[in-house]
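Next come the chains, spelled out residue by residue.
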Amino acid sequence: MVRKGGFLWAAGSRRATEVKQSAVHPLGSARSTAGDPVPRPWLRGVGRGYVALRRLVRQAVIRTPWLDRRASRALARFEGRLPVRRLLEGVSTGQVQCHGMTLHYSPEDMGVVSTILLYGDYEPETTRAVLQLLRPGMCCVDLGAHIGYFSVLAARAVGPSGRVWAFEPVGSTRQMLCFNLAENDVDAIVTVVPRAISDSSGWVRFSIDQEDSVSNKMAMPGELDLTTEEVEATSLDEYFAALDWPEVHLVKMDVEGAELAALRGMDELCRRNSGLALIFEVNPPNLARQELAPERLFEELKERGFDSYRVLHRNGIAFPGCDARQIASLGRGDTVNVLALKGQG
């Protein structure tokens, strides 16, 4: 049953923040297609055909390593020339089913949703890692919760005796997050924190990508030609100190290049939680935007006790110790997710 009008409290460094979990769709109850016009019948047929073909190609690539190595980049470049967003309008309904959850979305959320529509899944290797790491009663932090895919997944894994903190600073995205938590009946497990994550508290300028909300990120000095929103930031150490340091088992970090600031703001959290696992992105373009080499990121991880890594791609590659250059090269300039563990080296 969806809880209407419930409140969750997110304690912060300067004040307690009240986040209302709304059961009203952020786009209005009369909008059933995420704001998109009703697709024409021919577009619906083409979209369904493209999705079916794309899933077959993906299955063939995943099952055949040599094909994966030789064809993945070429296929990605080819698809980059196609009007994929337009094709997916033919199968877009404003909500999608995945792993037993229902996620509602807006047109600007297609960065996540398109993957589910195309493949029937989202970041499957990362999804498996989250489900393997979390057990009933555990606690998880979701940094960059977006519309709630991993927050809902984690909440179902930890159950009513566990806890999830979902950090999402952008107001419009957070509205959809709250709606999806209530829709999936996990809003009593998840605390929504309306903050960006950094190495200290304060206010920061956030760049809003109106075409792709999953790419919202902190604006850099000198970036002027942007749509921005002023948001409040905190560090994980400040936030959890105010909660008297509950045990944390997993931090999932999707902060679009702000990983170094997030790490520097969680020194005490890492020290207090010897079994802490961390899932984070290695995204060379976003790191370059911060003038940060991947090697520096892994040095900071090592200083906080993380000594073993697994690349969450296909069947995964384990690295005892740290070979940052090799891990970063696996993405071939693109993004890879990495699981970091403590006390394994």
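The preceding data block contains the structure.
Participant: Any details on the overall build of the chain? Residues and values, ideally.
Facilitator: A tally of regular secondary structure across the chain gives 13 helices and 16 strands. When each of the 345 residues of the chain is scored for burial, the buried share is 51%. Counted over contacts in the chain with a minimum sequence separation of 6, partners at least 24 positions apart contribute 71%. Total accessible area computed for the chain in this model is approximately 16,000 Å², and 52% of it derives from carbon and sulfur atoms.

Participant: Quick one: what's the story with unusual backbone geometry, residue by residue and with numbers?
Facilitator: In the Ramachandran plot, Asp185 falls in the positive-phi region, its phi being about 60 degrees despite a non-glycine side chain. Looking at the secondary structure, you find Asp185 in the loop between helix H7 (171–183) and strand S7 (190–193). Despite not being glycine, Trp245 shows a phi value in the positive range, around 55 degrees.

Participant: Describe the side chain of Glu259, with residues and values.
Facilitator: Secondary-structure assignment places Glu259 in helix H9 (residues 259–264). What makes Glu259 buried here is its relative accessible area of 1%. In this view, Glu259 contacts Met253, Glu281, Leu287 and Leu297; residues no more than four positions away in its chain are not counted.

Participant: Could you give an account of the pattern of salt bridges, with specific residues and numbers?
Facilitator: Applying the stated criterion across every chain, the model contains 10 salt bridges. With its nearest N and O atoms 2.9 Å apart, the salt bridge here joins Arg272 to Glu268. One end of the pair is Arg272 and the other is Glu268, both in helix H10 (residues 267–272) and four residues apart, which spans about a single turn. Taking the relative accessible area as the measure of exposure, Arg272 reaches 43% and is therefore partly exposed.

Participant: Describe in detail the pairing of strand S3 (residues 95–98), supporting the description with residues and values.
Facilitator: Here is the key point about a regular strand: its side chains alternate between the two faces of the sheet. Judged by which residues are buried, S3 turns out to be one-sided: Val96 and Cys98 face inward and are buried, whereas Gln95 and Gln97, on the alternate face, are not. Across four bridges, the pairing between S3 and strand S4 (residues 101–104) is antiparallel. Bridge pairing links Val96 to Leu103 in S4. Where S3 folds back onto S4 in an antiparallel hairpin, the turn is made up of two residues, including His99, whose phi is positive at roughly 50 degrees.

Participant: Any details on H7? Residues and values, ideally.
Facilitator: Between its first and last C-alpha, H7 extends 18 Å over 13 residues, near the 18 Å set by a 1.5 Å rise per residue. When we look at burial in H7, the residues that qualify are Thr173, Arg174, Met176, Leu177, Cys178, Phe179, Asn180, Leu181 and Ala182. Asp185 sits one or two positions beyond H7 and adopts a positive phi of about 60 degrees.

Participant: Break down helix H4 (residues 110–119) for me, with residues and values.
Facilitator: Most of H4 sits out of view: eight of its 10 residues are buried. What H4 keeps buried is the set Met110, Val112, Val113, Ser114, Thr115, Ile116, Leu117 and Leu118. Gly120 sits one or two positions beyond H4 and adopts a positive phi of about 75 degrees.

Participant: Lay out the packing of aromatic side chains with the relevant residues and their values.
Facilitator: Summed over the entire model, instances satisfying the criterion amount to eight aromatic pairs. The interplanar angle of 55 degrees and the centroid separation of 6.0 Å between the aromatic rings of Tyr122 and Phe150 together place this pair among those described as tilted. Here Phe150 lies in helix H6 (residues 149–158) and Tyr122 lies in the loop between H4 and helix H5 (124–133), a separation of 28 residues in the sequence. We classify Phe150 as buried; its relative accessible area is 8%. Between Phe167 and Tyr239, the ring centres sit 5.2 Å apart and the planes meet at 70 degrees, which makes this aromatic pair edge-to-face. Linking Phe167 in strand S6 (residues 163–167) with Tyr239 in helix H8 (residues 236–241), this pair joins segments that are 72 residues apart in sequence. On the basis of relative accessible area, Phe167 is assigned to the buried category, the value being 1%.

About the thresholds
- Residues numbered from 1 in each chain as written.
- Predicted model: local features only at pLDDT ≥ 70, side-chain atom pairs only at ≥ 80, totals over all residues.
- Heavy atoms only, no water.
- Helix = DSSP H or I, 4+ residues; strand = E, 2+ residues; numbered from the N terminus.
- Buried < 20%, exposed > 50% of the residue type's maximum accessible area, 1.4 Å probe, protein only.
- Contact = heavy atoms within 4.5 Å.
- Areas by Shrake-Rupley, 256 points an atom, 1.4 Å probe, with all protein chains shown as cover.
- Salt bridge = Lys/Arg side-chain N within 4 Å of Asp/Glu carboxyl O.
- Pairing = 2+ DSSP bridges.
- Expected span 1.5 Å × (residues − 1).
- Phe/Tyr/Trp six-rings, centres within 6.5 Å; stacked < 30°, edge-to-face > 60°.

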